[in-house]
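Summary of structural features
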Amino acid sequence: MNLPTDNPHLEPSVQTYLDQLNLGHFLIQHCTSCKAHLFYPRRFCIHCTEDSLEWIKPKGTGVVYSTTTVRRKPEAGGDYDVSIVELDEGVRLMSTVQGMAPEAVKIGMRVRLQILKTESHPHKVVFIAADTPPTGEHHA
Ligand SMILES: [Zn+2]
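Keep in mind the model is a prediction, meaning the values are calculated, not measured.

Some details on the sheet that holds strand β3 (residues 53-56)
Spatial ordering of the open sheet is given by β2-β1-β3, a layout of three strands whose pairing is antiparallel. The outermost strands of the open sheet, each flanked by one partner alone, are β2 (37-38) and β3. Taken together, the two bridges between strand β1 (residues 28-31) and β2 define a ladder with antiparallel strand orientation. When the sheet's bridge partners are listed, His-30 is paired in β2 with His-37.

Right, dumping it as structure tokens:
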């Protein structure tokens, strides 16, 4: 499945977000009026209603704000994690923490954003434990 980047009815800010994600960049918005960060993309700041939004690349680190293990049969891929992650910029997004058992994902855990390229999701935003080594196996 490809992201609907050619949909003419998309909100322009969502279109920009998806275009950048397709290029491998995860961006959020920053309000130059009230200095708040925003995600999901919007046309106007939800905090001060100004349209003074600019795109920034977040640090990509944050903490698990809430976490749920979704049960799934092994033949369907097994259980997986659904977490809401609060980035250090203060915005929250729903995603998944990978690279560990879903039950091991804990609220308050430091995580790091990754953009995965899979067959079903060309650019899927996921998280891994922040202390996961960049390469090689993770030894608990
Ligand atoms: Zn604002």
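The discussion continues.
Focus on the pairing of β1
Taking every second residue as pointing to the same face, both faces of β1 are buried, with Ile-28 and His-30 on one and Gln-29 and Cys-31 on the other. Sheet topology note: the β1/β3 ladder contains four bridges and is antiparallel. Directly across from Cys-31, in β3, lies its bridge partner Leu-53. The turn joining β1 and β2, which pair antiparallel and follow one another in sequence, is formed by five residues; a positive phi near 70° is taken by Lys-35.

Criteria and thresholds
- Residues numbered from 1 in each chain as written.
- Predicted model: local features only at pLDDT ≥ 70, side-chain atom pairs only at ≥ 80, totals over all residues.
- Heavy atoms only, no water.
- Pairing = 2+ DSSP bridges.
- Helix = DSSP H or I, 4+ residues; strand = E, 2+ residues; numbered from the N terminus.
- Buried < 20%, exposed > 50% of the residue type's maximum accessible area, 1.4 Å probe, protein only.

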